[in-house]
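# Examining the three-dimensional arrangement
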Amino acid sequence: MASPDVTKTNSPKGLDEKSSSKSSQAYLLEQGRNLIYQLYASLKTAQIYERSNLAYVKQSESLFNLVKGLLEKEEKIILSSKEGYLFLNETRLKFGFEGYLSSKFILEIFRKVQFESLFVSPEATKEELDELVSLLAHANYDCDDPFGRLERKAADLGLQHIKLEKFAEEWEIGDEASPENRKKVAKKRFFKTLSVAQEVVESAKTGRSINTVKSKRAIQFLIDQLIHDEINFMSLTAIKNFDEYTFAHSVNVCILSVALGSRLGLSKKELSELGYAALFHDIGKVRIPLAILNKPDELDECEWKEMRKHPILGVKALLSTRALDKFSLRAMVVAFEHHLKLDLSGYPQLLFKKDLNLYSRIVTVADVYDSMTSGRVYAKVPLTPDVALKRMMEQIGRGFDPLLLKVFINMLGIYPVGSVVLLNTGEVGVVMKSNPDELSRPEMAIIADRKGKKDKIELVDLASIDEKTGEYKRTVIKTIEPRPYKLDIARYIY
Ligand SMILES: [Fe+2]
Ligand SMILES: [Fe+2]
(Lines give C-alpha, C1' and ligand atoms only; values in the text may rest on other atoms or scores of the structure.)
(Ligands and ions follow the chains in the order given, each with its own letter.)
Protein backbone atom coordinates (compact mmCIF):
# COMPACT_ATOMS: atom_id res chain seq x y z
CA MET A 1 0.00 0.00 0.00
CA ALA A 2 1.38 3.35 -0.96
CA SER A 3 1.95 5.75 1.84
CA PRO A 4 -0.36 8.76 1.63
CA ASP A 5 2.58 10.97 2.52
CA VAL A 6 4.82 9.95 -0.40
CA THR A 7 4.44 13.17 -2.34
CA LYS A 8 5.01 15.22 0.74
CA THR A 9 8.21 13.41 1.77
CA ASN A 10 9.62 13.57 -1.71
CA SER A 11 8.95 17.23 -2.26
CA PRO A 12 11.89 19.49 -1.54
CA LYS A 13 11.78 21.17 1.82
CA GLY A 14 9.85 24.41 1.87
CA LEU A 15 8.19 23.84 -1.49
CA ASP A 16 4.74 23.49 0.07
CA GLU A 17 5.15 26.70 1.98
CA LYS A 18 6.43 28.44 -1.11
CA SER A 19 3.55 27.34 -3.30
CA SER A 20 1.00 28.16 -0.62
CA SER A 21 2.49 31.64 -0.19
CA LYS A 22 2.41 32.00 -3.99
CA SER A 23 -1.23 31.05 -4.16
CA SER A 24 -2.06 33.39 -1.28
CA GLN A 25 -0.28 36.18 -3.18
CA ALA A 26 -2.24 35.38 -6.32
CA TYR A 27 -5.44 35.44 -4.25
CA LEU A 28 -4.57 38.82 -2.74
CA LEU A 29 -3.64 40.18 -6.14
CA GLU A 30 -6.95 39.17 -7.63
CA GLN A 31 -9.07 40.24 -4.69
CA GLY A 32 -7.05 43.44 -4.38
CA ARG A 33 -7.93 44.41 -7.94
CA ASN A 34 -11.59 43.62 -7.29
CA LEU A 35 -11.52 45.63 -4.08
CA ILE A 36 -10.01 48.68 -5.78
CA TYR A 37 -12.55 48.50 -8.57
CA GLN A 38 -15.45 48.09 -6.12
CA LEU A 39 -14.19 50.91 -3.92
CA TYR A 40 -13.92 53.13 -6.98
CA ALA A 41 -17.46 52.24 -8.12
CA SER A 42 -18.85 52.82 -4.61
CA LEU A 43 -17.11 56.19 -4.21
CA LYS A 44 -18.24 57.37 -7.63
CA THR A 45 -21.83 56.32 -6.91
CA ALA A 46 -21.72 57.95 -3.46
CA GLN A 47 -20.61 61.21 -5.05
CA ILE A 48 -23.76 61.25 -7.20
CA TYR A 49 -26.53 59.45 -5.33
CA GLU A 50 -28.14 59.54 -1.91
CA ARG A 51 -27.64 56.52 0.33
CA SER A 52 -31.25 55.42 -0.18
CA ASN A 53 -30.82 55.26 -3.96
CA LEU A 54 -30.93 51.76 -5.40
CA ALA A 55 -27.71 52.26 -7.38
CA TYR A 56 -25.90 53.19 -4.15
CA VAL A 57 -27.43 50.31 -2.18
CA LYS A 58 -26.24 47.82 -4.80
CA GLN A 59 -22.65 49.10 -4.78
CA SER A 60 -22.58 49.22 -1.02
CA GLU A 61 -23.72 45.59 -0.77
CA SER A 62 -21.15 44.43 -3.30
CA LEU A 63 -18.38 46.22 -1.40
CA PHE A 64 -19.44 44.73 1.93
CA ASN A 65 -19.63 41.20 0.51
CA LEU A 66 -16.20 41.54 -1.03
CA VAL A 67 -14.69 42.82 2.22
CA LYS A 68 -16.42 40.10 4.23
CA GLY A 69 -15.16 37.40 1.84
CA LEU A 70 -11.63 38.71 2.13
CA LEU A 71 -11.81 38.84 5.90
CA GLU A 72 -12.79 35.19 6.03
CA LYS A 73 -9.39 34.32 4.60
CA GLU A 74 -7.28 37.20 5.94
CA GLU A 75 -6.99 38.39 9.53
CA LYS A 76 -7.46 41.99 8.50
CA ILE A 77 -7.39 44.20 5.44
CA ILE A 78 -4.64 46.74 5.07
CA LEU A 79 -4.91 48.76 1.92
CA SER A 80 -1.98 51.11 1.52
CA SER A 81 -0.34 53.46 -0.90
CA LYS A 82 3.45 53.60 -1.05
CA GLU A 83 5.55 55.41 -3.62
CA GLY A 84 2.69 55.55 -6.09
CA TYR A 85 1.65 51.89 -5.80
CA LEU A 86 -1.28 50.25 -4.06
CA PHE A 87 -0.75 47.32 -1.71
CA LEU A 88 -3.19 44.88 -0.16
CA ASN A 89 -1.71 43.26 2.95
CA GLU A 90 1.83 43.85 1.64
CA THR A 91 1.04 42.44 -1.82
CA ARG A 92 1.65 45.03 -4.49
CA LEU A 93 -1.35 45.32 -6.78
CA LYS A 94 -0.63 45.48 -10.47
CA PHE A 95 -3.23 46.77 -12.87
CA GLY A 96 -3.76 46.26 -16.54
CA PHE A 97 -5.52 48.66 -18.85
CA GLU A 98 -8.95 47.86 -17.34
CA GLY A 99 -7.84 48.72 -13.82
CA TYR A 100 -5.92 51.85 -14.70
CA LEU A 101 -8.71 54.34 -14.09
CA SER A 102 -9.91 52.89 -10.79
CA SER A 103 -6.41 52.47 -9.32
CA LYS A 104 -5.46 56.00 -10.32
CA PHE A 105 -8.62 57.36 -8.73
CA ILE A 106 -7.98 55.54 -5.44
CA LEU A 107 -4.32 56.59 -5.37
CA GLU A 108 -5.45 60.17 -5.85
CA ILE A 109 -7.78 59.87 -2.84
CA PHE A 110 -4.90 58.56 -0.70
CA ARG A 111 -2.73 61.43 -1.83
CA LYS A 112 -5.30 64.17 -1.42
CA VAL A 113 -6.47 63.07 2.02
CA GLN A 114 -2.80 62.41 2.91
CA PHE A 115 -3.16 58.96 4.37
CA GLU A 116 -0.97 55.96 3.79
CA SER A 117 -3.03 53.02 4.99
CA LEU A 118 -6.60 51.95 5.53
CA PHE A 119 -7.17 49.19 8.10
CA VAL A 120 -10.37 47.15 8.21
CA SER A 121 -10.75 44.59 10.99
CA PRO A 122 -13.12 41.56 10.83
CA GLU A 123 -15.60 43.21 13.21
CA ALA A 124 -16.26 46.07 10.76
CA THR A 125 -19.96 46.47 10.03
CA LYS A 126 -21.71 47.40 6.80
CA GLU A 127 -22.73 50.72 8.37
CA GLU A 128 -19.11 51.54 9.17
CA LEU A 129 -18.07 50.75 5.62
CA ASP A 130 -20.87 52.98 4.30
CA GLU A 131 -19.73 55.83 6.54
CA LEU A 132 -16.17 55.46 5.32
CA VAL A 133 -17.24 55.56 1.67
CA SER A 134 -19.35 58.61 2.32
CA LEU A 135 -16.50 60.35 4.19
CA LEU A 136 -14.00 59.68 1.42
CA ALA A 137 -16.45 60.56 -1.34
CA HIS A 138 -17.17 63.96 0.19
CA ALA A 139 -13.79 64.73 1.79
CA ASN A 140 -12.65 68.33 1.65
CA TYR A 141 -9.18 68.30 0.12
CA ASP A 142 -8.72 72.03 0.02
CA CYS A 143 -8.44 72.60 3.74
CA ASP A 144 -5.16 72.81 5.68
CA ASP A 145 -5.39 69.37 7.21
CA PRO A 146 -7.66 67.06 5.20
CA PHE A 147 -6.48 64.00 7.11
CA GLY A 148 -7.09 65.54 10.54
CA ARG A 149 -10.56 66.66 9.51
CA LEU A 150 -11.45 63.23 8.16
CA GLU A 151 -10.07 61.53 11.24
CA ARG A 152 -12.15 63.73 13.54
CA LYS A 153 -15.30 63.03 11.53
CA ALA A 154 -14.58 59.30 11.62
CA ALA A 155 -14.21 59.50 15.41
CA ASP A 156 -17.50 61.45 15.72
CA LEU A 157 -19.25 58.75 13.71
CA GLY A 158 -17.79 56.11 15.99
CA LEU A 159 -15.84 54.17 13.34
CA GLN A 160 -14.09 51.67 15.56
CA HIS A 161 -13.13 48.91 13.20
CA ILE A 162 -11.90 50.99 10.29
CA LYS A 163 -8.82 53.12 10.74
CA LEU A 164 -6.75 55.42 8.59
CA GLU A 165 -3.04 56.05 9.08
CA LYS A 166 -1.38 59.22 7.97
CA PHE A 167 1.56 59.35 5.57
CA ALA A 168 4.79 58.88 7.48
CA GLU A 169 6.24 61.90 5.68
CA GLU A 170 3.61 64.11 7.18
CA TRP A 171 4.63 63.32 10.73
CA GLU A 172 5.69 66.41 12.47
CA ILE A 173 7.57 66.82 15.68
CA GLY A 174 5.54 69.24 17.71
CA ASP A 175 7.09 70.92 20.72
CA GLU A 176 4.70 68.96 22.90
CA ALA A 177 5.82 65.54 21.57
CA SER A 178 7.32 63.22 24.15
CA PRO A 179 11.09 62.64 23.98
CA GLU A 180 10.45 59.03 23.01
CA ASN A 181 8.24 60.06 20.09
CA ARG A 182 10.68 62.70 18.94
CA LYS A 183 13.41 60.11 18.89
CA LYS A 184 11.20 57.68 17.00
CA VAL A 185 10.29 60.25 14.35
CA ALA A 186 13.92 61.35 14.00
CA LYS A 187 14.96 57.75 13.51
CA LYS A 188 12.19 57.07 11.01
CA ARG A 189 13.14 60.15 9.00
CA PHE A 190 16.81 59.22 9.10
CA PHE A 191 16.15 55.76 7.67
CA LYS A 192 13.70 57.11 5.12
CA THR A 193 16.39 59.48 3.88
CA LEU A 194 18.81 56.59 3.93
CA SER A 195 16.53 54.62 1.61
CA VAL A 196 16.14 57.58 -0.74
CA ALA A 197 19.94 57.90 -0.80
CA GLN A 198 20.16 54.18 -1.53
CA GLU A 199 17.70 54.51 -4.43
CA VAL A 200 19.62 57.45 -5.84
CA VAL A 201 22.89 55.56 -5.62
CA GLU A 202 21.32 52.54 -7.31
CA SER A 203 19.96 54.60 -10.19
CA ALA A 204 23.27 56.42 -10.62
CA LYS A 205 25.01 53.03 -10.70
CA THR A 206 22.87 51.76 -13.52
CA GLY A 207 23.16 55.03 -15.39
CA ARG A 208 19.50 55.94 -14.90
CA SER A 209 18.70 59.56 -14.21
CA ILE A 210 18.43 60.66 -10.60
CA ASN A 211 14.95 61.33 -9.22
CA THR A 212 15.41 64.86 -7.98
CA VAL A 213 11.82 65.37 -6.84
CA LYS A 214 11.98 62.50 -4.38
CA SER A 215 15.37 63.51 -3.00
CA LYS A 216 14.29 67.11 -2.58
CA ARG A 217 11.18 66.01 -0.71
CA ALA A 218 13.21 63.76 1.58
CA ILE A 219 15.66 66.60 2.31
CA GLN A 220 12.81 69.00 2.95
CA PHE A 221 11.30 66.73 5.59
CA LEU A 222 14.70 66.08 7.08
CA ILE A 223 15.34 69.80 7.42
CA ASP A 224 11.91 70.51 8.88
CA GLN A 225 12.50 67.92 11.56
CA LEU A 226 16.13 68.80 12.07
CA ILE A 227 15.11 72.35 12.94
CA HIS A 228 12.71 70.98 15.56
CA ASP A 229 14.94 68.31 16.91
CA GLU A 230 18.58 68.92 16.18
CA ILE A 231 19.93 66.97 19.15
CA ASN A 232 18.18 63.71 18.32
CA PHE A 233 19.18 63.98 14.69
CA MET A 234 22.79 64.64 15.43
CA SER A 235 22.95 61.63 17.69
CA LEU A 236 21.78 59.53 14.73
CA THR A 237 24.96 60.40 12.89
CA ALA A 238 26.79 58.16 15.36
CA ILE A 239 25.34 55.25 13.36
CA LYS A 240 28.21 53.92 11.34
CA ASN A 241 26.84 51.19 9.22
CA PHE A 242 29.71 49.57 7.39
CA ASP A 243 27.59 47.48 5.04
CA GLU A 244 25.84 50.53 3.81
CA TYR A 245 28.69 52.90 4.42
CA THR A 246 28.14 55.16 1.45
CA PHE A 247 24.47 55.75 2.24
CA ALA A 248 24.91 56.18 5.96
CA HIS A 249 27.88 58.45 5.34
CA SER A 250 25.93 60.55 2.85
CA VAL A 251 23.00 60.99 5.21
CA ASN A 252 25.33 61.77 8.13
CA VAL A 253 27.15 64.40 6.10
CA CYS A 254 23.79 65.81 5.07
CA ILE A 255 22.58 66.10 8.68
CA LEU A 256 25.84 67.56 9.98
CA SER A 257 26.06 70.04 7.08
CA VAL A 258 22.50 71.25 7.52
CA ALA A 259 22.97 71.58 11.29
CA LEU A 260 26.14 73.61 10.68
CA GLY A 261 24.43 75.69 7.97
CA SER A 262 21.56 76.50 10.28
CA ARG A 263 24.04 77.71 12.95
CA LEU A 264 25.46 80.03 10.31
CA GLY A 265 22.02 81.52 9.74
CA LEU A 266 21.27 80.10 6.30
CA SER A 267 17.63 80.36 5.22
CA LYS A 268 15.42 77.30 4.90
CA LYS A 269 15.75 77.38 1.12
CA GLU A 270 19.53 77.62 1.37
CA LEU A 271 19.55 74.76 3.84
CA SER A 272 17.60 72.63 1.36
CA GLU A 273 20.16 73.29 -1.34
CA LEU A 274 22.98 72.59 1.08
CA GLY A 275 21.35 69.35 2.28
CA TYR A 276 20.79 68.19 -1.26
CA ALA A 277 24.39 68.93 -2.23
CA ALA A 278 25.69 67.20 0.92
CA LEU A 279 23.60 64.09 0.26
CA PHE A 280 25.14 63.77 -3.20
CA HIS A 281 28.71 64.86 -2.46
CA ASP A 282 30.08 61.34 -2.97
CA ILE A 283 27.71 60.22 -5.72
CA GLY A 284 30.71 59.85 -8.05
CA LYS A 285 31.84 56.88 -5.97
CA VAL A 286 29.21 54.72 -7.65
CA ARG A 287 31.46 54.69 -10.70
CA ILE A 288 34.55 53.56 -8.72
CA PRO A 289 35.13 49.78 -8.69
CA LEU A 290 33.94 48.14 -5.47
CA ALA A 291 37.28 46.39 -5.08
CA ILE A 292 38.86 49.79 -4.55
CA LEU A 293 36.06 51.26 -2.47
CA ASN A 294 35.96 48.35 -0.06
CA LYS A 295 39.65 47.49 -0.01
CA PRO A 296 40.61 46.79 3.59
CA ASP A 297 44.30 47.66 3.07
CA GLU A 298 45.97 50.87 2.01
CA LEU A 299 45.26 51.87 -1.59
CA ASP A 300 48.24 51.81 -3.95
CA GLU A 301 49.10 54.79 -6.16
CA CYS A 302 47.11 53.42 -9.09
CA GLU A 303 44.02 52.86 -6.96
CA TRP A 304 44.31 56.31 -5.45
CA LYS A 305 44.38 57.74 -8.93
CA GLU A 306 41.02 56.05 -9.59
CA MET A 307 39.60 57.16 -6.25
CA ARG A 308 40.55 60.76 -6.91
CA LYS A 309 38.28 60.74 -9.92
CA HIS A 310 35.10 60.60 -7.84
CA PRO A 311 34.54 64.38 -7.62
CA ILE A 312 34.52 64.67 -11.42
CA LEU A 313 32.50 61.48 -11.81
CA GLY A 314 30.03 63.00 -9.35
CA VAL A 315 29.56 66.04 -11.56
CA LYS A 316 28.91 63.72 -14.50
CA ALA A 317 26.35 61.67 -12.55
CA LEU A 318 24.57 64.83 -11.43
CA LEU A 319 24.46 66.08 -14.99
CA SER A 320 22.07 63.25 -15.72
CA THR A 321 19.47 64.50 -13.23
CA ARG A 322 16.02 64.92 -14.67
CA ALA A 323 15.84 68.64 -14.13
CA LEU A 324 18.95 70.75 -14.16
CA ASP A 325 18.01 73.40 -11.65
CA LYS A 326 19.74 75.41 -8.95
CA PHE A 327 19.79 72.37 -6.67
CA SER A 328 21.66 70.19 -9.14
CA LEU A 329 24.07 72.97 -10.09
CA ARG A 330 24.96 73.62 -6.44
CA ALA A 331 25.36 69.88 -5.89
CA MET A 332 27.76 69.70 -8.85
CA VAL A 333 29.93 72.46 -7.39
CA VAL A 334 30.04 70.68 -4.02
CA ALA A 335 30.74 67.27 -5.56
CA PHE A 336 33.61 68.86 -7.50
CA GLU A 337 35.10 70.85 -4.61
CA HIS A 338 34.60 68.73 -1.51
CA HIS A 339 38.14 67.31 -1.51
CA LEU A 340 39.79 70.64 -2.15
CA LYS A 341 41.32 72.19 0.90
CA LEU A 342 41.22 75.86 1.72
CA ASP A 343 44.73 76.31 0.30
CA LEU A 344 43.48 74.50 -2.86
CA SER A 345 45.63 71.46 -2.23
CA GLY A 346 43.78 68.15 -2.46
CA TYR A 347 41.99 67.00 -5.57
CA PRO A 348 41.00 67.43 -8.41
CA GLN A 349 43.96 69.57 -9.43
CA LEU A 350 42.95 73.06 -10.47
CA LEU A 351 44.48 74.98 -13.33
CA PHE A 352 43.49 78.31 -11.85
CA LYS A 353 42.97 79.87 -8.45
CA LYS A 354 39.44 80.19 -7.13
CA ASP A 355 37.53 80.67 -3.91
CA LEU A 356 35.78 77.59 -2.67
CA ASN A 357 32.02 77.79 -2.45
CA LEU A 358 30.59 78.20 1.07
CA TYR A 359 28.53 75.02 0.69
CA SER A 360 31.63 73.07 -0.32
CA ARG A 361 33.52 74.35 2.72
CA ILE A 362 30.66 73.31 5.00
CA VAL A 363 30.37 69.85 3.42
CA THR A 364 34.15 69.34 3.65
CA VAL A 365 34.08 69.84 7.43
CA ALA A 366 31.14 67.45 7.88
CA ASP A 367 32.64 64.94 5.42
CA VAL A 368 36.06 64.72 7.05
CA TYR A 369 34.55 64.46 10.53
CA ASP A 370 32.18 61.64 9.57
CA SER A 371 34.89 59.79 7.63
CA MET A 372 37.38 60.04 10.49
CA THR A 373 34.91 58.78 13.06
CA SER A 374 33.86 55.94 10.74
CA GLY A 375 37.37 54.62 10.23
CA ARG A 376 37.28 54.90 6.47
CA VAL A 377 39.42 56.81 4.01
CA TYR A 378 41.23 59.13 6.42
CA ALA A 379 42.05 56.63 9.14
CA LYS A 380 41.74 52.86 8.99
CA VAL A 381 40.50 52.68 12.56
CA PRO A 382 37.66 54.92 13.63
CA LEU A 383 38.81 57.85 15.71
CA THR A 384 36.82 58.83 18.77
CA PRO A 385 34.79 61.99 18.05
CA ASP A 386 36.97 64.23 20.23
CA VAL A 387 40.21 62.95 18.70
CA ALA A 388 38.80 63.51 15.21
CA LEU A 389 37.95 67.11 16.12
CA LYS A 390 41.46 67.61 17.56
CA ARG A 391 43.05 66.30 14.35
CA MET A 392 40.87 68.63 12.34
CA MET A 393 41.85 71.58 14.54
CA GLU A 394 45.49 70.85 13.71
CA GLN A 395 44.66 71.56 10.07
CA ILE A 396 42.63 74.68 10.72
CA GLY A 397 43.27 77.43 8.20
CA ARG A 398 45.13 75.22 5.75
CA GLY A 399 42.55 72.49 5.40
CA PHE A 400 39.36 73.95 6.79
CA ASP A 401 37.66 77.27 7.03
CA PRO A 402 38.59 78.36 10.60
CA LEU A 403 35.24 79.95 11.35
CA LEU A 404 33.27 76.97 10.09
CA LEU A 405 35.37 74.50 12.04
CA LYS A 406 34.99 76.49 15.27
CA VAL A 407 31.21 76.68 14.87
CA PHE A 408 31.17 72.95 14.07
CA ILE A 409 33.11 72.05 17.23
CA ASN A 410 30.89 74.29 19.28
CA MET A 411 27.86 72.59 17.80
CA LEU A 412 29.04 69.06 18.57
CA GLY A 413 30.36 69.95 22.00
CA ILE A 414 33.78 69.04 23.37
CA TYR A 415 32.50 65.52 23.85
CA PRO A 416 30.28 64.75 20.86
CA VAL A 417 27.52 62.15 21.06
CA GLY A 418 29.05 58.68 21.03
CA SER A 419 32.24 59.68 22.89
CA VAL A 420 33.26 57.26 25.61
CA VAL A 421 34.62 58.95 28.71
CA LEU A 422 36.15 58.12 32.07
CA LEU A 423 34.64 60.05 34.98
CA ASN A 424 36.18 61.17 38.27
CA THR A 425 33.96 58.59 39.99
CA GLY A 426 35.77 55.79 38.16
CA GLU A 427 32.70 55.15 36.04
CA VAL A 428 32.69 54.89 32.25
CA GLY A 429 30.01 56.70 30.26
CA VAL A 430 28.84 57.16 26.68
CA VAL A 431 27.78 60.68 25.72
CA MET A 432 24.13 60.71 24.69
CA LYS A 433 23.30 64.38 24.37
CA SER A 434 25.49 67.46 24.28
CA ASN A 435 24.80 70.41 26.53
CA PRO A 436 24.96 73.68 24.58
CA ASP A 437 25.19 75.74 27.80
CA GLU A 438 28.05 73.79 29.32
CA LEU A 439 29.99 71.98 26.64
CA SER A 440 32.02 69.88 29.08
CA ARG A 441 28.92 68.63 30.89
CA PRO A 442 26.84 66.50 28.50
CA GLU A 443 24.19 63.94 29.38
CA MET A 444 25.42 60.37 29.32
CA ALA A 445 24.73 56.73 29.96
CA ILE A 446 26.89 55.12 32.62
CA ILE A 447 27.81 51.74 31.22
CA ALA A 448 30.40 50.58 33.73
CA ASP A 449 31.20 51.37 37.34
CA ARG A 450 34.58 51.29 39.08
CA LYS A 451 34.56 47.50 39.09
CA GLY A 452 33.59 46.89 35.49
CA LYS A 453 30.36 46.45 33.59
CA LYS A 454 27.00 47.40 35.02
CA ASP A 455 23.87 45.28 34.64
CA LYS A 456 21.67 48.27 34.11
CA ILE A 457 22.51 51.43 32.21
CA GLU A 458 22.08 54.59 34.25
CA LEU A 459 21.32 57.92 32.61
CA VAL A 460 22.99 60.92 34.22
CA ASP A 461 23.42 64.62 33.60
CA LEU A 462 26.93 65.90 34.25
CA ALA A 463 25.53 69.34 34.94
CA SER A 464 23.76 68.10 38.06
CA ILE A 465 25.15 69.22 41.39
CA ASP A 466 25.42 67.32 44.65
CA GLU A 467 23.18 69.18 47.10
CA LYS A 468 25.31 68.32 50.12
CA THR A 469 28.69 69.41 48.80
CA GLY A 470 27.50 71.96 46.25
CA GLU A 471 29.85 70.42 43.73
CA TYR A 472 29.26 68.60 40.48
CA LYS A 473 28.39 64.95 41.03
CA ARG A 474 30.51 63.78 38.13
CA THR A 475 33.19 65.28 35.88
CA VAL A 476 34.95 63.94 32.80
CA ILE A 477 38.60 63.08 33.33
CA LYS A 478 39.40 61.95 29.82
CA THR A 479 37.98 60.28 26.76
CA ILE A 480 38.84 56.65 26.20
CA GLU A 481 39.13 54.37 23.20
CA PRO A 482 36.02 52.14 23.07
CA ARG A 483 37.54 49.34 20.99
CA PRO A 484 39.67 47.57 23.61
CA TYR A 485 36.49 47.22 25.69
CA LYS A 486 34.56 45.92 22.67
CA LEU A 487 31.81 48.46 23.21
CA ASP A 488 29.10 48.79 20.62
CA ILE A 489 28.35 52.46 21.09
CA ALA A 490 25.29 52.53 18.85
CA ARG A 491 23.61 50.06 21.23
CA TYR A 492 23.65 52.61 24.02
CA ILE A 493 22.49 55.52 21.93
CA TYR A 494 19.47 53.83 20.35
FE1 LIG B 1 34.40 62.23 -1.31
FE1 LIG C 1 32.47 61.73 1.67
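Use the structure listed above.
This write-up is about the structure you can find in this document. (Residues numbered from 1 in each chain as written. Chains lettered and ligands numbered in written order. Predicted model: local features only at pLDDT ≥ 70, side-chain atom pairs only at ≥ 80, totals over all residues. Heavy atoms only, no water.)

It is worth spelling out the coordination of the iron ion (ligand 2) at this point. Around the iron ion (ligand 2), the protein contributes the donor atoms His249 (NE2), His281 (NE2), Asp282 (OD) and Asp367 (OD), at 2.2 to 2.3 Å from the metal centre. Of note is the iron ion (ligand 2), whose four donor atoms meet at the metal with angles of 77 to 174° in an arrangement that counts as irregular. All donors of the iron ion (ligand 2) belong to a single chain; written as a sequence motif, their spacing is H-x31-H-D-x84-D. Between the two metal centres, the iron ion (ligand 2) and the iron ion (ligand 1), the spacing is 3.6 Å, with Asp282 acting as a shared donor. (Donors = N, O, S within 2.8 Å, 3.2 Å for Na, K, Ca; no water. Tetrahedral: all angles 85-135°; square planar, octahedral: opposite > 155°, others 65-115°.)

Looking now at the coordination of the iron ion (ligand 1). Protein-derived coordination of the iron ion (ligand 1) comes from Asp282 (OD), His310 (NE2), His338 (NE2) and His339 (NE2), at a distance range of 2.1 to 2.3 Å. The coordination sphere of the iron ion (ligand 1) comprises four donor atoms, whose angles at the metal cover 83 to 173°; the geometry is irregular. Considered as a linear motif, the donors of the iron ion (ligand 1) on their single chain read D-x27-H-x27-H-H.

Turning next to unusual backbone geometry. Residue Pro348 is reached from Tyr347 by a cis peptide bond, and omega for that bond is -5°. By the secondary structure assignment, Pro348 is in the loop between helix 15 (326-337) and helix 16 (358-374). Even without being a glycine, Leu344 presents a positive backbone phi close to 65°. By secondary structure assignment, the location of Leu344 is in the loop between helix 15 and helix 16. (Helix = DSSP H or I, 4+ residues; strand = E, 2+ residues; numbered from the N terminus.)

What follows is about the packing of aromatic side chains. Within this structure, the stated rule accounts for six aromatic pairs. With a centroid separation of 6.2 Å and 55° between ring planes, the pair formed by Tyr37 and Tyr40 is classed as tilted. Of the two residues, Tyr37 and Tyr40 are both situated in helix 2 (residues 15-48); the distance of three residues between them amounts to about one turn of the helix. The exposure class assigned to Tyr37 is partly exposed, which follows from its relative accessible area of 47%. For Tyr40, a relative accessible area of 15% corresponds to the buried category. Considering the side-chain rings of Tyr276 and Phe280, the 4.7 Å spacing of their centres and the 85° angle between planes classify their relative orientation as edge-to-face. For the pair formed by Tyr276 and Phe280, the shared burial category is buried. Grouping aromatic residues by their ring pairs yields a cluster made of Tyr37, Tyr40 and Phe105. Directly above the aromatic system of Tyr85 lies the positively charged group of Arg92, at a separation of 3.7 Å from the ring centroid. Sitting above the plane of the Tyr472 ring, Arg441 keeps its charged end 3.4 Å from the centroid. (Phe/Tyr/Trp six-rings, centres within 6.5 Å; stacked < 30°, edge-to-face > 60°. Buried < 20%, exposed > 50% of the residue type's maximum accessible area, 1.4 Å probe, protein only. Lys NZ or Arg CZ within 6 Å of the ring centre and 35° of its normal.)

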